[in-house]
Amino acid sequence: QVQLVESGGGLVQAGGSLRVSCTASRRTVNFAMAWFRQAPGKEREFVAAINWSGGSTYYADSVKGRFTISKDNAKITVYLQMNSLKPEDTAVYYCAARLRTFSDSVADYGYWGQGTQVTVSS
């Protein structure tokens, strides 16, 4: 079992930057970690993922080149650095974890945080 807690959301102007964090209740050395987001009236969608060692990352096309996912050396906190933010990035951002390999499917993740709101104003 692992509990996930997100933090760092907020309000930012278009073109600005924001970093959200996800802290796990224990080391996630065997877990792949990911960020998803859900805008009002839309389905939850994949944003980015990182493998257990932090050596491989994977991004949705919509955020590639703007967002960066990373993991701290203690394998407890995962970050999502968001640059060049757009109003369409507005959503609740969720951290998720699953054993071993990462996936871009919501259904493949068994552990979720409560979400943090990111709002990008135009």
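Residues numbered from 1 in each chain as written. Predicted model: local features only at pLDDT ≥ 70, side-chain atom pairs only at ≥ 80, totals over all residues. Heavy atoms only, no water.

Whenever I open this one, unusual backbone geometry confuses me. Can you help?
Phi is mostly negative for residues that are not glycine, and the peptide bonds are mostly trans. The backbone phi angle of Ser84 is positive, close to 50°, even though this residue is not glycine. When you line up the elements, Ser84 lands in the loop between β8 (77-82) and β9 (91-99). A positive phi angle, close to 65°, is found at Arg100, a residue other than glycine. Looking at where Arg100 falls in the secondary structure, it is placed in the loop between β9 and β10 (111-112). A relative accessible area of 60% places Arg100 in the exposed class. (Helix = DSSP H or I, 4+ residues; strand = E, 2+ residues; numbered from the N terminus. Buried < 20%, exposed > 50% of the residue type's maximum accessible area, 1.4 Å probe, protein only.)

I tried to follow the state of the cysteines on my own but got confused; where do I start?
Note: disulfide means a covalent bond formed between the sulfur atoms of two cysteine side chains. For the structure shown, the criterion picks out one disulfide. Across a sulfur-sulfur distance of 2.1 Å, Cys22 and Cys95 are joined as a disulfide pair. Looking along the S-S bond of the Cys22-Cys95 disulfide, the torsion reads about -75°, which is the left-handed sense. Here Cys22, found in strand β3 (residues 18-24), pairs with Cys95, found in strand β9; they are 73 residues apart in sequence, far enough to count as distant. (Disulfide = S-S within 2.5 Å.)

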